[in-house]
Every structure is written in C-alpha cells, then in structure tokens.
Amino acid sequence: MKCPKCGNEMKEEERCCLRCGELNYSNPLNKNYLKKYGDRKKLFKENSFIFKKRNNRRKILMVIAILSFIGIISYIIYVVLK
C-alpha cells in the first residue's frame, strides 16, 4: 500500500504513514475518524492564508530587529572610533 499524500510504502495494518503522518483510513482504529472530527484538509485550506500571513509578519519583524541591532552596533562603533 502507498501513502496517498507522499507515496511512501506502508503496511496495510499501520495506523499512519511513518514519513508524513497521513492517517490510514483502512485501519479499523481510524475508520471513525472522519465521522468524529471531519476532514482536516478542508480546515487547513481555509486557515492556510492566516498562517502564511502570520509567518510573513514574523519574518518582517525579525528583519527589522536584526537591522535595528546592526544599526545600534554600527553607531556604537562609530562613536568609539571617532
């Protein structure tokens, strides 16, 4: 059996793919998962824009922090060497 998400070979009795973590719905323990929790792929697609936006904000804040730190250090070096 192959994983539908990553294509990795997996055994029929495994609960999930060992490479990517995708659930094996043919396993008896996972059969009721969709009934209980619904389709997580749909939830991820709806929220993926928010996560990307949040990660971009973090990257921008990190760049601003690094540039500020470089500016402060260069100012201190300029004052000391002057």
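Residues numbered from 1 in each chain as written. Predicted model: local features only at pLDDT ≥ 70, side-chain atom pairs only at ≥ 80, totals over all residues. Heavy atoms only, no water.

1. Points about the state of the cysteines
Note: disulfide means a covalent bond formed between the sulfur atoms of two cysteine side chains.
Part 1 of the argument: Scanning the entire structure with this criterion turns up zero disulfides.
Part 2 of the argument: Free of any disulfide, Cys3 has its nearest neighbouring cysteine sulfur in Cys20, separated by 3.6 Å.
Part 3 of the argument: The class for Cys3 is buried, based on a relative accessible area of 4%. (Disulfide = S-S within 2.5 Å. Buried < 20%, exposed > 50% of the residue type's maximum accessible area, 1.4 Å probe, protein only.)

2. Topic: the environment of Lys5
Part 1 of the argument: Its place among the elements puts Lys5 in the segment before α1 (33-37).
Part 2 of the argument: Here Lys5 falls in the exposed class, since its relative accessible area comes to 57%.
Part 3 of the argument: Counting along the chain gives 18 residues from Lys5 to Leu23, while the straight-line C-alpha distance between them is 9.6 Å.
Part 4 of the argument: Lys5 has contacts with Cys20 and Glu22, leaving out every residue within four places of it along the chain. (Helix = DSSP H or I, 4+ residues; strand = E, 2+ residues; numbered from the N terminus. Contact = heavy atoms within 4.5 Å.)

3. Concerning the environment of Met1
Part 1 of the argument: Here Met1 shows up in the segment before α1.
Part 2 of the argument: Judged by relative accessible area, which is 36%, Met1 ranks as partly exposed.
Part 3 of the argument: Considering only alpha carbons, one finds Met1 and Glu12, 11 residues apart in sequence, at a separation of 6.2 Å.
Part 4 of the argument: The residues contacting Met1, other than those within four sequence positions of it, are Asn8, Glu9, Met10, Lys11, Glu12, Asn24 and Ser26.

4. Regarding the side chain of Glu14
Part 1 of the argument: Relative to the assigned elements, Glu14 resides in the segment before α1.
Part 2 of the argument: Lys11 provides the closest opposite charge to the buried, unpaired Glu14, separated from it by 5.2 Å.
Part 3 of the argument: Beyond its immediate chain neighbours, meaning those up to four positions away, Glu14 contacts Asn24 and Asn27. (Lys, Arg positive; Asp, Glu negative; His and termini not counted. Salt bridge = Lys/Arg side-chain N within 4 Å of Asp/Glu carboxyl O.)

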